[in-house]
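Each chain is listed here by its residues.
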Amino acid sequence: LDHIKDTIGNKSVFPYQVEGVRFMNTMSKCLLGDQMGLGKTIQVLCALKKNAAVLVVCPAALKYNWREEAAKWRPDFQVSILNGRKSFRFPKSGEIVITNYDVLPAEFEKQDEFILVCDEIHCCKNYSTKRHKAVKELAKIADRVIGLTGTPLMNRPFDLFGVLSSLTLEKIVFGSWQNFMNQFGGRKNHFGGYDFDGPTVLVPELLRRVMLRRCRDEVLPD
C-alpha cells in the first residue's frame, strides 16, 4: 500500500489489485492472468517503481490505450510510442516505451536494467513464430518480466507451454518438456501429432509458481 500511494498518489485501487501489485513486485518473472476487464494494465502501472525503464510490447491496436492509461495513472513517466520496423529502441530511466510485436527485431544487445511488459502474451503461444522468438530473447536480457493475458490456457496444452516459454517461465513451472507432457497426459499418435488426456490435479499448483489469476465472480466483493 505504501508503494502504491507513493506511485499513484490519491487514486484508489481495489483490494484484489493491491494483491496483484504485491504479487508482481515479489517476482522477477511472472504472468498476470486476470480475466478481461479486471484492470491488468492498471496493476502493472501501479507496480512500476519510480524512474524505472519500461518496455511494453503489445498488439498494435492497444498501443494508444497503454499511452492513455500511463498518462492517467503514472504521469511521472515519459511515454513514447514506436511505429515501424526500424523504430525499435530500449527505454531510458523514467520512460515507458510502447511497441508492438510485429515490429520487434530478431536480435537485441544487452541493455541497462529494464522491465519488460508483454500484453496479450497469448499472441506468442506458437513457439515457431518470429514474435515468440523475439519476445523470448527480450525476456532473457530483461531484469524483470511481466506477461499479461486474460486467456492463459487456450485450446491446446501446447499453447500454454508456448506462452510460458516466450517469457522463459516453462522450466520454473514444469522443469522439463517431459514433465510437461506427463502433467497433461501427452503422447504421440499415429499421425505424427500428439494426443492429451488432460491436466493432472497438480497443474494448477505448478502454475501458481509464476501466475496469478482471478475471475470476475471472485473479486465482486471487492
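Residues numbered from 1 in each chain as written. Predicted model: local features only at pLDDT ≥ 70, side-chain atom pairs only at ≥ 80, totals over all residues. Heavy atoms only, no water.

A. Representation of the packing of helix H2 (residues 15–24) against helix H3 (residues 40–47). Closest axis-to-axis distance for the H2/H3 pair is 9 Å, and the angle between their directions is 55°. Considered as vectors, H2 and H3 are oriented oblique to each other. Along this stretch, H2 crosses H3, giving a crossing that reads as right-handed. Packed against H2, whose contacting residues are Tyr16, Gln17, Gly20, Val21 and Met24, the element H3 presents Gln43, Val44, Cys46 and Ala47 at the interface. Grouping the constituent residues of the contact of H2 with H3 by class yields six nonpolar, three polar and no charged. (Axes fitted to C-alpha atoms, helices over the stretch in contact; angles between N-to-C directions. Helix = DSSP H or I, 4+ residues; strand = E, 2+ residues; numbered from the N terminus. Parallel < 35°, antiparallel > 145°, perpendicular 65-115°, else oblique. Left-handed = near helix turned anticlockwise from the far one by under 90°. Contact = heavy atoms within 4.5 Å. Nonpolar A, V, L, I, M, F, W, Y, C, P; charged D, E, K, R; others polar.)

B. View of helix H5 (residues 130–141). The first and last C-alpha atoms of H5 sit 17 Å apart over twelve residues, in line with the 16 Å expected at 1.5 Å per residue. Restricting attention to buried positions, one finds in H5 the residues His132, Ala134, Val135, Lys136, Leu138, Ala139 and Ile141. For H5, the elements touching its buried residues are strand S1 (29–32), strand S2 (53–58), strand S5 (115–118), strand S6 (144–148), helix H6 (157–166) and helix H7 (170–174). (Expected span 1.5 Å × (residues − 1). Buried < 20%, exposed > 50% of the residue type's maximum accessible area, 1.4 Å probe, protein only.)

C. Examining the sheet that holds strand S4 (residues 95–100) more closely. Pairing within the open sheet is parallel, and its seven strands lie in the order S3-S4-S2-S5-S6-S1-S9. Sheet topology places strand S3 (78–81) and strand S9 (211–212) at the edges, where each strand pairs with a single neighbour. Bridging between S5 and S6 involves four bridges; their strand directions are parallel. Looking at the pairing, Cys118 lines up with Gly147 of S6. Packing against the sheet, helix H4 (residues 63–73) makes contact with S2, S3, S4, S5 and S6, and its axis sits at approximately 165° to S4. Each of S1, S2, S5 and S6 touches H5; the most contacted strand, S5, lies at about 150° to it. (Pairing = 2+ DSSP bridges.)

D. The arrangement of the pattern of salt bridges in detail. All told, the structure shown has twelve salt bridges when counted by the stated rule. Asp6 is the partner of Lys50 in a salt bridge, and the nearest nitrogen-oxygen pair spans 3.7 Å. Of the two residues, Lys50 is situated in the loop between H3 and S2 and Asp6 in helix H1 (residues 2–8); the sequence distance between them amounts to 44 residues. Using a relative accessible area of 46% as the deciding quantity, one classes Lys50 as partly exposed. Residue classification places Asp6 among the partly exposed residues on the basis of a relative accessible area of 48%. A salt bridge links Arg214 to Asp34; its shortest N-O distance comes to 2.7 Å. With a gap of 180 residues between them, Arg214 in the loop between S9 and helix H10 (216–219) and Asp34 in the loop between S1 and H3 connect regions that are remote in the sequence. Overlapping salt bridges bring together Arg89, Lys92 and Glu95 as one network. (Salt bridge = Lys/Arg side-chain N within 4 Å of Asp/Glu carboxyl O.)

E. Representation of the environment of Leu148 in the model. Mapped onto the elements of the fold, Leu148 is located in strand S6. C-alpha of Leu148 to C-alpha of Leu31: the two residues are 117 residues apart in sequence and 5.9 Å apart in space. Ignoring anything within four residues of it in the chain, the contact list for Leu148 reads Leu31, Leu32, Lys40, Val44, Trp66, Val117, Cys118, Asp119, Glu120 and Ile121.

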